[in-house]
Amino acid sequence: MKKIIFTALAALLFTLQAFSLSKISFENGTALFIEPCSDGSIRFEAIGKNSRSPAKEFELKKEKASSDFTKNSDGSYSWENYVVLPLADGYTLISDGKELYTSAFSDDGKLLREKRTWKTASGFYGFGQASRKANLANQSLTIYNESKYGDHAYIFIPFYVTNENTSVYYNANGRDKIYFQNEEDSQLYRTEYHRIECFVRQNESIREAVSKFYSETETSCILPEWAYGYIQSKYGYKSSKEVIELVDKFKEHNIPLSAVVLDLYWFKRMGDISWTSPDFADYKEMNDYMEQNGVKLITITEPFFTTECENYAELKSQGLLCKNKKGKVALWRDWWCLEDKIGGVFNPLGKKTKSFMGKKYSAMLDSGIDGFWTDLGEPEGAKPDIKYGKYDEQDFHNWYNFYWTKALYEGVHEAKPDQRLFILSRSAGTGSGKFNVSVWSGDVSVSWPSFKNQIAYGVNTGVSGLPYWGSDVGGFVQPESPEELYVRWQQFGAFTPVYRAHGTGSREPYAYSQKAEKLVASAIKTRFRLLPYIYSTARQTMKGIPMMRGMYYESEKTPANFLDREYMFGDALLVSPVMQELSASTEHTVWLPKGTWYNFFTNEKITAQNDMEYKMNVKLDTVPVFVKAGSIIPMKEGSNDILMVYPEKGLKQSFTLYKDDGTTEAYKKGAYSETVITLEGNRLSAETAGSEEFLAKEFKILVPGNTDISRARTVTLEGLKAGIDL
């Protein structure tokens, strides 16, 4: 018995000793806690003077690893392939014998600072929609979600990955600041909360790092199929008559249309969340007409409610409006009050939040609405003295949109569990991607510099666990979008995850010259032909692969100056938009990684013996999109299922064509089909899995030398499964 007790005490002492070793105290009084996590990352938590964590329960958490750090004779700490080497005021992190970075902490009583000097990393990608550059180096960011009119919507997801494959996630507090190092300076993180917690992991590749972050944030969903088509919007369509005329105009001009967005004019007062505008009194007839023409409807809502709106009394009685620090409902005057005097903001942490959101938004669906546009959800202009439940505004601010969206998504799904939602949101938080959210770059200006920023917004947002992204095609701020800029933005928008035109003035294709209309119609029709490829690419996001990918996904050798100028849209398409006026230059340069490439529109073959800068002359109808050899691009034209293939001797590539019902949640239960198509040299074959009802029965096969459908070879699915020679 004594031996058993002694053994148990020894084991307990060893356990306590092991856990005590995970705390490192520095000479300046800062303490660092290090903890290994089951996913292969390390949690670092620096605690300074007067540390506080008022919203810690909302932060990203990871399971602790089954083993702990071991303290070595030289004072360092080891776990698996990592070594943490304590210094006088910080530490050095080593992975597989390679130094990643050195951090130093200081606390002057006002701010806790971490100065992190990366040993070799020079590229930093992600952090949500925060930077106008794809590489965050030399960027200074204040972590506080907000929309700046004429600039863009700042969405902070405090995750990034380096060009050395190290991923970092910060459990950031409101208004924490980070400055990313350039070639001369170190990275600096500072906080008034006197606590810095981050997770660091060394990965095999950027692709692996991003995929793991998608998994950690449970980002795994597909939007309704119609949401990947073309969406028309403006600020705004003011009556049901105008909407019907819009649908008719698209038919008249033979331009396909997936959905129409209604801005503020569909309701009378901010917060009505229903058809209270007399100009939409006959909304049912309008909805019926849209459905008959295959056009879906998206309407705007906001988290603000005026005292005169039809929901105010219910919200107040249920405690669903934020209060001030005196315990009274916080009311103020802002532009969103429209013709009313004052209003308040929704409390997403109220006890009846989900039931309220579920009831109101389910009623919207019942009325014929197909998708939700949740605007101003940072929330815009929130007063600093308001409280969300027990939390101060700054402490909870960056989580607001996540919980507002969560209440909507979960509330509707309780009432309509099989309804696949589409939520177009101006803001987001870590993990918002799981709620069928698509974000966009906000109220951007109508200008060429603003247009040039869009690639960085899109690729960094995708890295950060938000795969569905778009922009206000044509620009938002100022009614008129110059024709050349509008056409170029449309040509770009056709190759982004969500394609939607929007602005303070007309952004319809036929609002411009016949030449412009023809070019924009061509872009939209190309989008619809590519829907099988796009929808299948959306499926890849469930494996943690963004739709819109930085060129570092394709090649680690991508020159820095091309990261903001081109990107991969799915596996096959390299998109290099023309983002300057023809009067400035008619020459356009594309960076092509080594290999064989084809111009997507002309089928011109380009052989890059090595990575190369490819120069081309451009006109307004030139859309620089290139396909890498070995690719398979499924398309649809009328009733024809098409496979556009680019055979190359010695290359073997596969593409998974995905299909489901496009509207319900049944795909999450296995109701879908996958056709894995393989191209090896000139041999094309396929394997199938899943529900047969979604499988295409035959395909038209196109190759660069023959793109005429009327002369295309037709192959049955069974024939393709047996394999054919091209």
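This write-up is about the structure you can find in this document. (Residues numbered from 1 in each chain as written. Predicted model: local features only at pLDDT ≥ 70, side-chain atom pairs only at ≥ 80, totals over all residues. Heavy atoms only, no water.)

### So, the sheet that holds strand β43 (residues 652-659)
Next, step 1: As summarised here, the arrangement of the four strands in space is β43-β44-β45-β48, forming an open sheet in which the pairing is antiparallel. Of all strands in the sheet, those with a lone pairing partner are β43 and β48 (724-725), marking the two edges.
Next, step 2: As paired elements, strand β45 (residues 683-690) and β48 share two bridges and run antiparallel to each other. Note on β48: the bridge partner recorded for Arg-683 is Asp-725.
Next, step 3: Contacting β43 and β44 (673-680), helix α11 (residues 531-540) crosses the sheet at an angle of about 95° to β43. (Pairing = 2+ DSSP bridges. Helix = DSSP H or I, 4+ residues; strand = E, 2+ residues; numbered from the N terminus. Contact = heavy atoms within 4.5 Å. Axes fitted to C-alpha atoms, helices over the stretch in contact; angles between N-to-C directions.)

### Focus: the pattern of salt bridges
Next, step 1: In this structure the tally under the stated criterion is 46 salt bridges.
Next, step 2: Two residues, Glu-242 and Lys-234, come together in a salt bridge whose shortest N-O distance is 3.7 Å.
Next, step 3: Taking relative accessible area as the criterion, Glu-242 reaches 24% and is therefore assigned partly exposed.
Next, step 4: Between Asp-725 and Arg-683 there is a salt bridge, with its nearest N and O atoms 3.3 Å apart. Of this pair, Asp-725 sits in strand β48 while Arg-683 is found in strand β45, placing the two residues 42 residues apart along the sequence.
Next, step 5: When salt bridges with common partners are traced through the structure, they connect Glu-35, Arg-43, Glu-45, Lys-56, Glu-59, Arg-195 and Glu-197 into a single cluster. (Salt bridge = Lys/Arg side-chain N within 4 Å of Asp/Glu carboxyl O. Buried < 20%, exposed > 50% of the residue type's maximum accessible area, 1.4 Å probe, protein only.)

### Focus: the pairing of strand β29 (residues 437-440)
Next, step 1: Of the two faces of β29, the one carrying Val-437 and Val-439 and the one carrying Ser-438 and Trp-440 are both buried.
Next, step 2: Two elements, strand β28 (residues 423-425) and β29, share three bridges in a ladder whose sense is parallel. Each residue of the ladder has a partner; that of Leu-424, found in β29, is Ser-438.
Next, step 3: By the bridge criterion, two bridges tie β29 to strand β30 (residues 469-470) in an arrangement that is parallel.

### Digging into the sheet that holds strand β14 (residues 159-162)
Two strands in a sheet stick together by hydrogen bonds in their backbones, pointing the same way (parallel) or opposite ways (antiparallel).
Next, step 1: Taken together, seven strands build an open sheet; the order of strands is β1-β2-β3-β18-β15-β14-β10 and the sheet is antiparallel. Bordering the open sheet on either side are β1 (23-25) and β10 (124-126), each of which pairs with just one other strand. Each strand axis lies, on average, 25° off the axis of its neighbour in the sheet, ignoring direction.
Next, step 2: Judged from the three bridges that link them, β14 and strand β15 (residues 166-170) form a sheet pairing that is antiparallel. Looking at β15, one finds that Phe-159 is bridged to Tyr-169.
Next, step 3: The sheet strands contacting helix α2 (residues 206-216) are β10, β14, β15 and β18 (195-202), and the helix crosses β14 at an angle near 165°.

### Considering unusual backbone geometry
Next, step 1: Cis geometry marks the peptide bond from Tyr-235 to Gly-236, where omega comes out at -10°.
Next, step 2: With respect to the helices and strands, Gly-236 occurs in the loop between β19 (230-232) and α3 (240-252).
Next, step 3: Of note, the bond from Glu-378 into Pro-379 is cis; its omega dihedral lies within 30 degrees of zero at 0°.
Next, step 4: Here Pro-379 is to be found in the loop between β25 (371-374) and β26 (386-388).
Next, step 5: Look at Asn-138: it is not a glycine, yet its phi comes out positive at around 75°.
Next, step 6: Note that Asn-138 resides in the loop between β10 and β11 (140-143).
Next, step 7: The phi dihedral of Asn-436 is positive, around 55°, even though this residue is not glycine.
Next, step 8: Relative to the assigned elements, Asn-436 resides in the loop between β28 and β29.
Next, step 9: Residue class for Asn-436 comes out buried when judged on its relative accessible area of 0%.

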